[in-house]
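Residue-level structural notes
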Protein chains: 2
Amino acid sequence: MKETKPSGGEHDDHGANGSSVKPSLITDVASLANVSTATVSRVINTPDVVAPETAERVRHAMSKLKYRPNMFAKGLITRTSRVLGIIMPDFLGEFYTQLSQSADTAARERGYHVVITSDTRLGSADAVQSLPLSFLDGIIAILTFPDRKLTKSVLDLNMPTVLIDSDTGDLGVDRIRIDNEPGAKQAATHLLEHADASDCFYVGGPATNFDSQARAQAFQDVISERGGFDKATQIRYGDFSVDWGNEWGLKHLKDRTNCITGVFAGNDEIALGIMNAARTLGIDVPSQLRLIGFDGTRLCDIVRPTMSSVAVPFDHIGSSAVELCIARIADPERSVSTIPAETHLVIRDSSVPSDQAS
Amino acid sequence: MKETKPSGGEHDDHGANGSSVKPSLITDVASLANVSTATVSRVINTPDVVAPETAERVRHAMSKLKYRPNMFAKGLITRTSRVLGIIMPDFLGEFYTQLSQSADTAARERGYHVVITSDTRLGSADAVQSLPLSFLDGIIAILTFPDRKLTKSVLDLNMPTVLIDSDTGDLGVDRIRIDNEPGAKQAATHLLEHADASDCFYVGGPATNFDSQARAQAFQDVISERGGFDKATQIRYGDFSVDWGNEWGLKHLKDRTNCITGVFAGNDEIALGIMNAARTLGIDVPSQLRLIGFDGTRLCDIVRPTMSSVAVPFDHIGSSAVELCIARIADPERSVSTIPAETHLVIRDSSVPSDQAS
DNA sequence: TTGAAAGCGCTAACAA
DNA sequence: TTGTTAGCGCTTTCAA
């Protein structure tokens, strides 16, 4: 309490809009506490190496000046930010939402922050220049489409990266591999319990989507075993939307009132659309139509009848991705690994014969 | 093509895991292109000021070396990142999802990036130290609870900030003010068209939540005008969840089979819960129960019957927040403004008398 | 236990 | 149109 008055004020800010008062620097804190900047830096980064009373004096100065280290300067030296970026196609959909939440929790436990951003810009030509992604210590990218350019953009970032759910072959990158097969096979098998093989359908997302295809394949493997399978009609692709499900349902369900139809949808939203179409057509779920979705999002428990769906282990995926990413950051030389994320069928009301059929 | 070989390689990376090869620097590019670092910097930031052929040469060197400016160093000087942060309570829920999407779009158009992060850590003691938020050029915070500590934490960041939907008085900060009143009054009025005032209920979120309260107040204003209003039973608080709606419905709807009940829910999820409870109890929506939600999320069109709801203009809110934030960044001295976001009722099937009442 | 000083990679005057 | 040079705010040897 004897040096020059530093720049940061101690009285309340007038405006409270940021950036009106300029932030105090480490030098301000140093002079207020009568120490060198090195010491201030030490109480922040390696507290145990500085004398308790000195540390206390410094801490007092820091809070008095509302000192906040400049992360640009800090990062320039340490080359880390302790923030992980999650790149996803868009912010919409339960899928991404639940994944973000679990990744955030996992990151937090390990002293990292997570920020979410959409990848739309990644595909553009000047992506490399425009992306302020170099702030990040690592990247977790959810690449659902086999978009080579996008994948390459991400890989070109040349930083610790974890890919989720992409169809990319072995690019020598850590990956969380969502295994569609077990859940999809369980779903198909479940459908077959009450419906003929020829009455079962797969209504998927985009034909180019890897998951969409994998689920279709598993479905086909199970169904075709029973014979009477016609790929052209029993497997259809559209997009991952309620509208597509509704459209398919309206068109293909109306003349199926005197048999039990089994439908396995590419995701929950499509399934919901089909459920709505059935209602419109007066077809009862589950007595006339057995329906199973995919992803196991919150939607399944919200709608009535509740919807059977193949659950994707979001928590496991989110936390594994974070762990893998942090492990890679810690040791860039460690061998590449792929962590499988198994799916499994969760049966709810939309696929089991109701006791009181109407 | 005559200088020292720079560090970055031109052959493919072996591993493809980031950080194995060290990134090339501006000096590498400069020497490869036979220019000074200043010139390289110019082709990146002010291209028109450098000779076309020189620029071309530099650009070639950049792509050959996969040069990527170090944002830490750049930010240290320019003090900007062109990244805006959106802070929200959590990643869950349609509300935040749709808001993020519109903010992202708006930011993109203006050359900014948006990252989403949850605010859980903001409230903690060491928040100031642990938050790597100083990277951001601005912050958009969604503060739904009157949490003074959280609000203060955000404001203490002392950077361009826009608050959305908080109940904070005038803190001299830019704000997007969601106006619950018009929509809520329309909802209450709509309910009154077919239900007695004493048969109308508001089932809100947390009692401490500002929006929850504002909606309740508007509801009360309209309903109590008709007389026979008992606040204690007709206004109930819980949380913004499907479960709470279901719980309320199961408890309070069962002995209301011989009158038309009108329910205005605090958000769409609560409304959905109530809708499910009604179904469980065999109460028909909308003939016996007129139901209106709040937020106007995608859920409203997904469920059957489709749900009437007070729409919140997400697009407007997201883009306005981004605009306001960018304006503040551009001119820290500009006067503080509050942009209202009006809500309005969107009538769907859950609140209108069905033609064929059962 | 602390301080002095040398940068981290980049941009921005100021010259040329 | 281009180059030289001085930092941005912080961390980190190296000495003391």
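Our structure's up above, just so we're on the same page.
A few points on the structure.

About the criteria used
- Residues numbered from 1 in each chain as written.
- Chains lettered and ligands numbered in written order.
- Predicted model: local features only at pLDDT ≥ 70, side-chain atom pairs only at ≥ 80, totals over all residues.
- Heavy atoms only, no water.
- Near = heavy atom within 4 Å.
- Polar contact = N/O pair within 3.5 Å; in protein donor to acceptor, adjacent residues only side chain to side chain.
- Helix = DSSP H or I, 4+ residues; strand = E, 2+ residues; numbered from the N terminus.
- Core = buried A, V, L, I, M, F, W, Y, C linked by side-chain atoms within 4.5 Å.
- Buried < 20%, exposed > 50% of the residue type's maximum accessible area, 1.4 Å probe, protein only.
- Contact = heavy atoms within 4.5 Å.
- Phe/Tyr/Trp six-rings, centres within 6.5 Å; stacked < 30°, edge-to-face > 60°.
- Lys NZ or Arg CZ within 6 Å of the ring centre and 35° of its normal.
- Nonpolar A, V, L, I, M, F, W, Y, C, P; charged D, E, K, R; others polar.
- Least-squares fit on C-alpha atoms with pLDDT ≥ 70 in both.
- Buried area = accessible area lost by both parts, 1.4 Å probe.
- Salt bridge = Lys/Arg side-chain N within 4 Å of Asp/Glu carboxyl O.
- Pairing = 2+ DSSP bridges.
- Expected span 1.5 Å × (residues − 1).
- 1 Å grid on protein atoms, 1.4 Å probe; cavity = no way out; pocket = protein on both sides within 12 Å on 5 of 7 lines; lining within 4 Å.
- Points joined across faces, edges and corners; volume = space filled by probe spheres on them.

1. Side note on the protein's contact with DNA strand C
The full set close to DNA strand C counts 26 residues, and A:Thr39, A:Arg42, A:Thr54, B:Ile26 and B:Tyr67 are the nearest of them. Counted by atom, the contact set of DNA strand C within 4 Å of the protein is 63% sugar and phosphate. Within the side chain of A:Thr39, a nitrogen or oxygen atom sits 2.6 Å from a phosphate oxygen of DNA strand C. Mapped by element, the contributors of at least two residues to the surface near DNA strand C are helix 2 (37–45) and helix 4 (71–78) of chain A together with helix 2 (37–45) and helix 4 (71–78) of chain B.

2. Here we look at the nonpolar core
Among the nonpolar cores identified, the biggest contains 98 residues, and A:Ile164, A:Phe219, A:Phe264, B:Ile164, B:Phe219 and B:Phe264 are the most heavily contacted of them. With residues near it in sequence (within four places) discarded, B:Ile164 still touches B:Leu99, B:Ile140, B:Ala141, B:Ile142, B:Leu143, B:Ile176, B:Ile178, B:Ile317 and B:Ala321. In this structure, A:Leu272, B:Val263, B:Met275 and B:Leu291 belong to the second largest nonpolar core, which totals 46 residues.

3. Re the packing of aromatic side chains
In this structure the tally under the stated criterion is 18 aromatic pairs over all chains. Measuring from ring centre to ring centre gives 5.6 Å for A:Tyr202 and A:Phe264, while their planes differ by 55°; the resulting arrangement is tilted. Of this pair, A:Tyr202 sits in strand 6 (residues 200–204) while A:Phe264 is found in strand 8 (residues 261–265), placing the two residues 62 residues apart along the sequence. An identical accessibility class is assigned to A:Tyr202 and A:Phe264; each is buried. Counting every residue linked through ring pairs, the aromatic cluster contains A:Tyr202, A:Phe219, A:Phe229, A:Tyr237, A:Phe264 and A:Phe294. The ring of A:Phe294 carries the charged tip of A:Arg215 above its face, separated from the ring centre by 3.6 Å. Geometry around B:Tyr112 places B:Arg82 over its ring, the cationic atom sitting 4.4 Å from the centre.

4. Quick notes on the protein's contact with DNA strand D
Around DNA strand D sit 25 residues in total, of which A:Ile26, B:Thr39, B:Arg42, B:Thr54 and B:Arg79 are the nearest. Sugar and phosphate atoms form 65% of the subset of DNA strand D atoms that lie within 4 Å of the protein. The separation between a phosphate oxygen of DNA strand D and a polar main-chain atom of B:Ser36 is 2.9 Å. Elements with a minimum of two residues in the surface near DNA strand D: helix 2 and helix 4 of chain A together with helix 2 and helix 4 of chain B. Considering every element that reaches the surface near DNA strand D, the biggest residue donor is helix 2 of chain A, with five residues. For the surface near DNA strand D, the per-class residue count stands at 14 nonpolar, seven polar and four charged.

5. Looking at the relation of the copies chain B and chain A
Here chain B sits on chain A after a turn of 180° about the axis and a move of 0.0 Å along it, with an RMSD of 0.1 Å. Put plainly, the chains are arranged around a two-fold axis. Both copies contact each other with a shared surface, as 100% of the interface residues of chain B are interface residues in chain A too.

6. Re the interface of chain B and chain A
If you look at the interface, chain B gives 70 residues, while chain A gives 71 residues. The junction of chain B with chain A conceals about 6700 Å² of combined surface from both sides, 52% of it contributed by carbon and sulfur atoms. Summed over the shared surface of chain B and chain A, the number is four salt bridges. One salt bridge connects A:Arg298 with B:Glu269, and the closest N-O pair in it is separated by 3.4 Å. Inspection of the region where chain B meets chain A yields eleven residue pairs in polar contact (both at pLDDT 80 or more). Counting residues per element, the ones that place at least two in the side of chain B that touches chain A are helix 4, helix 5 (94–109), strand 2 (113–118), helix 6 (127–130), helix 12 (268–281) and helix 13 (299–302) of chain B. Among the residues forming the side of chain B that touches chain A, the class breakdown is 31 nonpolar, 23 polar and 16 charged.

7. A look at the pairing of strand 10 (residues 308–311) of chain A
Residue and element names in this part refer to chain A. Both strand 9 (residues 289–295) and strand 10 contribute to a ladder of four bridges, which runs parallel. Considered in strand 10, the bridge of isoleucine 292 is made with serine 308. Two strands pair when backbone bridges link them, and strand 10 and strand 12 (residues 344–346) are joined in this way by three bridges, in the antiparallel orientation. Along strand 12, the bridge assignment pairs alanine 311 with histidine 344.

8. A few points about helix 5 of chain B
Residues and elements named next belong to chain B. Taking 1.5 Å as the rise per residue, helix 5 with 16 residues should run 22 Å; its terminal C-alpha atoms sit 23 Å apart, in good agreement. Counting buried positions over the 16 residues of helix 5 gives twelve, a clear majority of the element. Among the residues of helix 5, those classed as buried are Glu94, Phe95, Tyr96, Thr97, Gln98, Leu99, Ser100, Ser102, Ala103, Asp104, Ala106 and Ala107. Of the residues one or two after helix 5, glycine 111 is the one with positive phi, at around 75°.

9. Some points on empty space enclosed by the protein
For the structure shown, the criterion picks out four cavities of 30 Å³ or more. Here the largest cavity is characterised by a volume of approximately 250 Å³. Lining the largest cavity are 18 residues, with A:Val83, A:Val115, A:Leu136, B:Val115 and B:Leu136 positioned closest to its centre. Secondary-structure elements contributing two or more residues to the lining of the largest cavity are strand 1 (83–88) and strand 2 (113–118) of chain A together with strand 2 of chain B. When the residues that make up the lining of the largest cavity are grouped by side-chain class, the tally is twelve nonpolar, six polar and no charged. One number sums up the size of the second largest cavity: a volume of about 100 Å³. Within the residue set of the lining of the second largest cavity, elements represented by two or more residues are helix 5 (94–109) of chain A together with helix 5 of chain B.

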